[in-house]
Amino acid sequence: MRTVLRFSAAVAFSHDRRQRWRQVCLLAASFIATLAVLVALGLIALSYTSPLRAGAMLGMPTAAVGDEYPGMSPDGAVAAVVDRGTLAMDRQVPTVWIEPIAGHEDDPTAVPPGLDELPGPGEAVLSPALVAAGYTAEDFGWLSSAAGSGTDGTIGDEGLAAASEPLIFVRPEAGTTLGEGGAVTYIATYAESDPNAVYGGNSYDPEVVSVTMMAPGVAIFLVVPSLVLLISSSRARSLVRDERLRFLHTLGVRARTARTTMACETGLLALSGALIAVLAHAVFGRWLTVIPATSIRLFPGDLSLPWWVYLPAVAVTVGCAFFCGALGRLLPRRRSRRPRAGHMIAVAGLVAAVLTVIGSATSWVSPSVASTVFVGGTIGVIIFLPLAVPTLSAAAASSMRTMRSPVLWAAARRLRHDAVHLSRVASVLGVLIVVVSFAVALWGSAAATQAEGSSSHSSGAIAVGWRGDPEGGLEAARDAFAEEGRDVLIVSTVSQDDTDGPMPRLVDVDDCASFVAFFNGDSADVCAPGNGDRLSDFAEANTGMRTPEDTTRLGPDDGLGDDVAIFSREPLSTQNVQRILGFLPALNISLTASDVTAPLPIVQWLVAGALVAFAILGLAIVREIGDRSVEDSGRDVIYQRLGLSLHTSDKLAWTVLLIPLVVSTVTAFFCSLVISYAGEVLQIAKGDTLKLVLVAAISLALPIGAILLTIPARRAAASVNRR
């Protein structure tokens, strides 16, 4: 075995220039693969610890009394909390309104993590992300506070799930209160947290997605592409390696020993790249805080890992390279028309994976496991597709054997006899199309959910709610707009009893004459006694809401609904309403789709994943084309010696390339359609045929463009070979 290792090391680290391409490919691929695995493990760990860190911000709610839920009883409470959302950074920013219970104003157990003390009445503490974006408390109608434990009095790291998380703590003004019941949660202490607390209590869109999303996400967009690159690089050409294998064959060395030598040579190069990646991550991993192409920023050390985690990461990379190295050919390729059993199994596996994806969207699969089945089927498609492409390409080539064109006949013959080797670029392309299309489908679903989650008011009104004294708050709101010189109409809205199904909100007109005059109506006609239907029709025509009738059953105030609607003669932005009415306790402004334009964090994670996967798989395609270019330059010389012109040689080379590419693109596109529309049924993804066509077209253009760029180099190499 020592002799095998010495021989393998001599080949792996040879100074011969003909070994350089293989050395560079394997070192780079193993470095990327190992780093990808380490980052993936770090992200999975972060997606588990981040909710725990965020859960500490929720504190410990008061004990449940009777049939009530924890946090509903004020007994033993030190603070009352209401979660709201404030428009900032073009998104809904979690806003925690906190009111200490009488006698606990200076109680340290009433102070949430990230704060040194409670802000004063009417004051707010902002997170560093908001301050860095240029916001101040005054922009929202509050006073600035330096009660935070972070830099310049901002919220400290212990109160945030991520460095880029926008968060606000606000205390109601003196003389106002959050009231009781409804959306109020009573906190027994912030010194400890509820072990069952769920992340999202005071954050609508977590910066770090849950582990159920992160784990399959990093597997599909990070680990699988990097392993595809590693597998591709393990087959990088090397004349030195080929000569040494022929030498071993000449000496009569057993095939098993030769394969062990090949595996060790590949494994040693991969081990070198993996160790460099481990060193780089150990030194610089603490500073991996930027998620590319997103606004998401992590805390230093979030992706750090204990030393023992490096061992399995290196084992995965080196083991994969070692296994692929052992599978390499010992002698020149056997040209056989009969597909290998393994490739036929791959086609069967691809069909089974597609059927699994389809089955996950049917009633045959329990909804509780449908998502898991769907993800498993998608991963199966990604695994089996590249293995099935050679067989599908050979089948396509077989259908061309009766073609009259000599070029098509020759290309089809080459593909039938050597489909595995000639389909490598196409195999990687298929993975690229499916992975990126999956990301686009997920992105479409998240974007649609964001749009649907925003309210829409056709009347142009801004719906606003608050806690505490409804009547006093209504008059205060009217006075605040009057002081600003704004000509607005503020009317109360009420909800109907929705026991039998959803019911529209109604407008409660307290001053009919002012209401009708604001919309330039005839108050003498509309407000005449006994003319309630006329007022209701007028209100519906101008506000989109009718007025309550004598038989209307009103629903209870749950503290979450919109209490008033604000109509303005002049343009009135949500930001202006926030600034003017910020003094109202637990102010809640219903946002529209035009307000919330920033992409959700989950959308940003998907964009980052798609870009990383595209870059890694694109690199794998370029690497395969590098090998292909060297081979084609040698084949060009043979063709020219046989009397073929350069034009005919090019046509033949392009035909051999395009047949597998087209087969792979069509197959991957079909798989992407199945995955997208099955995901739409499960409300995980969203099918969009046009977007999937664009993904397939752009992906197909990548290898074609790369081949075009290599033509001059191929011509030069062919010229050298002729000499």
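As a reminder, the structure under discussion sits directly above these lines.
Quick summary incoming for the structure in this document. Residues take numbers from 1 onward in each chain, read along the sequence in its written order. Whole-chain, interface and lining totals are the exception, using all residues; otherwise, since this is a predicted model, local features are given only for residues with pLDDT of at least 70 and side-chain atom pairs are given and counted only at 80 or more. To get the side-chain values, all heavy atoms of the structure are used, and hydrogens and water are removed first.

1. Observations concerning the overall build of the chain
- Secondary structure elements are taken from DSSP: a helix is a run of H or I of four residues or more, a strand is a run of E of two residues or more, and numbering for both begins at the N terminus. When you go through the chain residue by residue, the secondary structure sums to 20 helices and 12 strands.
- When a residue's accessible area, from a 1.4 Å probe over protein chains only, is under 20% of the maximum for its type it is buried; when over 50% it is exposed; and in between it is partly exposed. Here the chain holds 723 residues, and 49% of them are scored as buried.
- Here the chain displays about 33600 Å² of accessible surface, and carbon together with sulfur accounts for 61% of that area. Using a 1.4 Å probe, accessible areas were evaluated by the Shrake-Rupley method; residue-level cover was limited to the displayed protein chains.

2. Looking at the packing of aromatic side chains
- Put simply, two rings from Phe, Tyr or Trp (the six-membered ring, in Trp's case) pair if the centres are within 6.5 Å, and we call them stacked under 30 degrees between planes, edge-to-face over 60, tilted for the rest. Following the criterion strictly, the structure yields 10 aromatic pairs and no others.
- Arranged with centres 5.8 Å apart and planes meeting at 85 degrees, the rings of Trp97 and Trp142 form a pair that is edge-to-face. You can see Trp97 sitting in strand β3 (residues 91-100) and its partner Trp142 sitting in the loop between α3 (128-132) and β5 (143-144), a full 45 residues away along the chain. Each member of the pair Trp97 and Trp142 is classed as buried.
- In textbook terms, an aromatic cluster arises when at least three aromatic residues are bridged by ring pairs, as seen for Phe515, Phe518, Phe519, Phe538 and Phe567.
- Whether a charge lies above a ring is judged from NZ of Lys or CZ of Arg, which has to be within 6 Å of the ring centre and within 35 degrees of the ring normal. Arg286 extends its terminal NZ or CZ atom over the ring of Trp287, reaching a point 5.4 Å from the ring centre.
- Lying across the ring of Phe518, Arg569 places its NZ or CZ 4.4 Å from the centre.

3. Let's talk about the nonpolar core
- We define a nonpolar core as any set of buried Ala, Val, Leu, Ile, Met, Phe, Trp, Tyr and Cys residues linked to one another through side-chain atoms lying within 4.5 Å. The biggest cluster of nonpolar side chains holds 80 residues, and the ones touching the most others in it are Phe221, Val381 and Val434.
- With 14 residues, the top contributor of residues to this core is helix α12 (residues 424-453).
- Any pair of residues with heavy atoms lying within 4.5 Å of one another is described as a contacting pair. For Val434, the residues in contact, after removing those within four places along its chain, are Val381, Ile382, Leu385, Ala668, Cys671, Ser672 and Ile675.
- In terms of nonpolar packing, the next biggest core, distinct from the first, is built from 40 residues, Leu87, Ala124, Ala137 and Leu584 among them.

4. Looking at the pairing of strand β9 (residues 488-494)
- Most of β9 is tucked away: seven of the seven residues are buried.
- Here β9 shows no split at all, with Val488, Ile490, Ser492 and Val494 on one side and Leu489, Val491 and Thr493 on the other all buried.
- One requirement defines pairing of two strands: DSSP has to find at least two bridges between them. The sheet contact formed by β9 and strand β11 (residues 564-568) spans five bridges and is antiparallel. Each residue of the ladder has a partner; that of Ile490, found in β11, is Ile566.
- Pairing between β9 and strand β10 (residues 506-508): three bridges, direction antiparallel. Looking at β10, one finds that Thr493 is bridged to Val507.

5. What about the side chain of Thr574?
- Residue position: Thr574 is located in helix α17 (residues 574-581).
- Setting aside its immediate chain neighbours within four residues, Thr574 contacts Leu87, Ile462, Ile589, Leu591 and Asp595.

6. Considering a nonpolar patch on the surface
- Any residue with relative accessible area above 30% and no salt bridge may belong to a patch, with like charges joined within 9 Å and the nonpolar Val, Leu, Ile, Met, Phe, Trp and Tyr side chains within 5 Å. Salt bridges are counted wherever a side-chain nitrogen of Lys or Arg sits within 4 Å of a carboxyl oxygen of Asp or Glu. There is a patch of nonpolar side chains on the surface, built from Tyr48, Leu52 and Val211 and spanning about 300 Å² of accessible area.
- By the element assignment, Tyr48 lies in helix α2 (residues 20-55).

7. Points about the environment of Val347
- Secondary-structure assignment places Val347 in helix α8 (residues 341-360).
- In sequence terms Val347 and Phe384 are 37 residues apart; their C-alpha atoms lie 7.1 Å from each other.
- In contact with Val347, not counting residues within four places along its chain, are Ala388 and Thr391.

8. Some words on the pattern of salt bridges
- In the structure shown here, the tally under the stated rule is 11 salt bridges.
- Across the pair Arg91 and Glu207 runs a salt bridge whose closest N-O atoms are separated by 3.0 Å. In this pair, Arg91 is assigned in strand β3 and Glu207 in the loop between β7 (185-189) and α4 (211-233), connecting sequence segments 116 residues apart.
- Judged by relative accessible area, Arg91 falls into the buried class, the value being 9%.
- Glu207 gets classed as buried once you look at its relative accessible area, which sits at 2%.

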